[in-house]
2 protein chains.
Amino acid sequence: MRISKLSELAGLPVGTVKFYLRTGLLHPGRATSATQAQYNDSHVERLKLIRALLEVGRLPLADIQRVFDAMDLPTQDPAKSVALVQQAISPEVDHVEDEDLTRARTLVDDLGWSIAQDSPHLPPLAQALHALDNVGQSATRERLKVYAEAASHVARNDVDVISDADDVDKPVVAAISSAIYESLFAALHRLAVENQTARRGSRIPGPRVSIPQA
Amino acid sequence: MRISKLSELAGLPVGTVKFYLRTGLLHPGRATSATQAQYNDSHVERLKLIRALLEVGRLPLADIQRVFDAMDLPTQDPAKSVALVQQAISPEVDHVEDEDLTRARTLVDDLGWSIAQDSPHLPPLAQALHALDNVGQSATRERLKVYAEAASHVARNDVDVISDADDVDKPVVAAISSAIYESLFAALHRLAVENQTARRGSRIPGPRVSIPQA
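Bear in mind that the values here come from a model prediction, so they are computed numbers and not experimental data. (Residues numbered from 1 in each chain as written. Chains lettered and ligands numbered in written order. Predicted model: local features only at pLDDT ≥ 70, side-chain atom pairs only at ≥ 80, totals over all residues. Heavy atoms only, no water.)

Visitor: Please give an account of the interface of chain B and chain A that cites residues and values.
Guide: Residue-level contacts link 82 residues of chain B with 82 residues of chain A. Interface area, chain B with chain A, both sides summed: about 8500 Å², of which 65% is carbon and sulfur. When the buried surface of chain B facing chain A is broken down by residue, Tyr147(B), Tyr181(B) and Arg190(B) rank first, second and third, together holding 9% of it. Counting across the interface, chain B meets chain A through four salt bridges. Broken down by element, the residue count for the side of chain B that touches chain A peaks at 20 residues, all from helix α10 (residues 178–201) of chain B. Of the residues in the side of chain B that touches chain A, the class split is 46 nonpolar, 21 polar and 15 charged. (Contact = heavy atoms within 4.5 Å. Buried area = accessible area lost by both parts, 1.4 Å probe. Salt bridge = Lys/Arg side-chain N within 4 Å of Asp/Glu carboxyl O. Helix = DSSP H or I, 4+ residues; strand = E, 2+ residues; numbered from the N terminus. Nonpolar A, V, L, I, M, F, W, Y, C, P; charged D, E, K, R; others polar.)

Visitor: Go over the environment of Gly57(B), please, and point to the residues and values.
Guide: All names here are of chain B. Tracing the chain through its elements places glycine 57 in the loop between α3 (41–56) and α4 (61–72). The buried category is assigned to glycine 57, whose relative accessible area is 17%. Along the sequence, glycine 57 and isoleucine 176 sit 119 residues apart, while their C-alpha atoms lie 9.6 Å from each other. Dropping the residues within four chain positions of it, glycine 57 is found in contact with Ala52, Ala179 and Ser183. (Buried < 20%, exposed > 50% of the residue type's maximum accessible area, 1.4 Å probe, protein only.)

Visitor: Requested: an account of the nonpolar core, with residues and values cited.
Guide: Ranked by internal contacts, the top residues of the largest apolar core, which has 129 residues, are Leu125(A) and Leu125(B). With sequence-adjacent residues up to four places away left out, Leu125(B) is seen in contact with Leu184(A), Ala187(A), Leu188(A), Leu191(A), Ala104(B), Leu107(B) and Val108(B). (Core = buried A, V, L, I, M, F, W, Y, C linked by side-chain atoms within 4.5 Å.)

Visitor: I'd like a description of the relation of the copies chain B and chain A, backed by residues and values.
Guide: These two copies of the chain differ by a rotation about an axis and a displacement along the same axis. Each copy of the sequence occupies a distinct position, and chain B is placed on chain A by a rotation of 180 degrees and an axial shift of 0.0 Å, giving an RMSD of 0.0 Å. When the rotation and shift are considered jointly, the pair of chain copies conforms to a two-fold rotation axis. The position closest to the rotation axis in chain B is occupied by the C-alpha of Ala150(B), lying 2.3 Å away. Both copies contact each other with a shared surface, as 100% of the interface residues of chain B are interface residues in chain A too. (Least-squares fit on C-alpha atoms with pLDDT ≥ 70 in both.)

Visitor: Break down the packing of helix α3 (residues 41–56) of chain A against helix α7 (residues 122–134) of chain B for me, citing the residues and quoting the values.
Guide: Direction vectors running N to C along α3(A) and α7(B) enclose 160 degrees, while the axes themselves pass 9 Å from each other. Judged by the inter-axis angle, α3(A) sits roughly antiparallel to α7(B). Considering how the two elements wind past one another, α3(A) and α7(B) form a crossing that is left-handed. Of the residues in α7(B), those in contact with Lys48(A), Ala52(A), Glu55(A) and Val56(A) of α3(A) are Gln127(B), Ala128(B), Ala131(B) and Asn134(B). Taken together, the residues that form the contact of α3(A) with α7(B) break down as four nonpolar, two polar and two charged. (Axes fitted to C-alpha atoms, helices over the stretch in contact; angles between N-to-C directions. Parallel < 35°, antiparallel > 145°, perpendicular 65-115°, else oblique. Left-handed = near helix turned anticlockwise from the far one by under 90°.)

Visitor: How would you sum up helix α6 (residues 98–111) of chain B? Please name residues and give values.
Guide: Residue and element names in this part refer to chain B. For α6, with 14 residues, the first-to-last C-alpha span of 20 Å sits near the 20 Å given by 1.5 Å per residue. When we look at burial in α6, the residues that qualify are Asp100, Ala104, Arg105, Leu107, Val108 and Leu111. Seen from one end, α6 has its buried residues packed into an arc of 155 degrees, which puts them on one side. Across from the buried face of α6, at angles greater than 90 degrees, the exposed residues are Asp98, Glu99 and Asp110. Remark: glycine 112 follows α6 within two positions and exhibits a positive phi of approximately 75 degrees. (Expected span 1.5 Å × (residues − 1). Arc of directions from axis to C-beta.)

Visitor: Go over the pattern of salt bridges with me, naming the residues and quoting the values.
Guide: It is possible for side chains bearing opposite charge to pair when their charged atoms get close. Enumeration according to the criterion identifies 18 salt bridges over all chains in this entry. Between Arg190(B) and Glu182(A) there is a salt bridge whose closest N-O contact spans 2.4 Å. Remark: Glu182(A) occurs in helix α10 (residues 178–201) and Arg190(B) occurs in helix α10; the pair is interchain, linking two chains. Each member of the pair, Arg190(B) as well as Glu182(A), carries the same accessibility label: buried. The salt bridge involving Arg105(B) is made with Asp109(B); its shortest N-O contact spans 3.3 Å. Linking Arg105(B) with Asp109(B), this pair stays in helix α6, spanning four residues, or about one helical turn. We classify Arg105(B) as buried; its relative accessible area is 14%. Its relative accessible area of 45% is what places Asp109(B) among the partly exposed residues.

Next comes the structure, spelled out in structure tokens:
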């Protein structure tokens with residue numbers, strides 16, 4: 001297909017598609033002349049992924065590039081590809097205090113979680129703990145436990161979905177989509193707060209959602 | 001205190017503090033001459049909040065301004081202030097299809113949640129559902145249920161903390177900090193996925209975290 005058709009299918013202006021081609025975020029089409037190229041479904045899919053990560057996952061373009069770099073690495077090991085993508089999705093943190101990193105480490109150790117010493121997910125946790133201290137809303141041990149329980153509950157399901165994927169590419173796309181699932185969670189969380197607030201305000205005890213123990 | 005001291009206490013360059021003053025994100029100090037002003041603890045606190053929302057909550061400056069506008073509205077009703085802040089923290093969504101909005105509405109109705117017809121949190125949910133369809137990772141009913149259970153678990157605790165706050169300003173700051181708690185959740189979620197993946201890869205059945213029913 002021509003670039004105009006590609007633009008239409010992806011729901012993006014031609015100028016934007018050209019920009020992604022120029023920056024390398026979108027792979028080139030098959031050149032048919034000096035100024036024209038043909039594109040296929042792989043281009044449509046890639047553009048839909050860019051849109052989803054940008055508009056819903058709210059990842060900056062540089063992080064999306066890192067995700068694609070990880071995704072396109074030739075590895076025969078799906079677990080390794082998934083780990084690389086998860087690392088690329090994780091926000092880069094400029095600076096964390098050693099003290100905060102130790103707190104983050106202690107927390108996951110207390111939870112009994114198997115976390116690599118150099119896990120890319122520890123600095124963002126340390127940064128969040130530090131920020132909460134700074135605004136006078138330090139996370140209590142109890143509150144952290146509640147958050148960890150919820151995170152575990154969701155993660156079990158996510159890993160089920162990733163490991164049930166039945167072809168080589170799927171685990172990677174499932175890993176990428178976790179950036180979008182995080183936005184889904186944030187929206188559900190705000191709605192759940194609205195629900196709880198409404199129920200308590202009106203003094204009507206609502207049905208409680210119970211979480212089955214796995 | 002002078003601007004140099006304020007800059008030091010907030011951990012921000014003087015130029016950045018001046019930029020926030022110019023844009024109105026930071027309230028003016030008490031002028032002591034044509035070129036100098038005195039600042040106090042309220043300025044330090046506001047700057048810490050800006051940093052936390054920017055660096056950890058990853059809110060754009062325009063949204064932080066909306067949060068402060070909501071926070072500074074003179075209302076005697078803490079519940080109203082909290083609702084306004086929560087609305088300001090919620091990401092603005094350019095466009096959602098009616099069909100997706102209906103799906104979001106149906107989902108919260110199925111959950112039995114009390115959600116206002118015009119809740120600002122429904123469009124972000126609709127947008128996330130749409131994006132997942134677009135990348136071929138549609139959320140199944142079962143997966144949405146798992147996410148909703150986790151969101152409910154966390155929200156119950158959040159609303160407890162907000163309603164336990166013992167002075168007029170605290171509920172609002174607690175509501176603002178939910179943007180930071182969302183980043184904390186995202187970090188814990190990535191760690192929990194790492195933990196689950198490690199355990200399954202190594203075939204060591206790990207301890208399961210159980211969520212107590214409230």
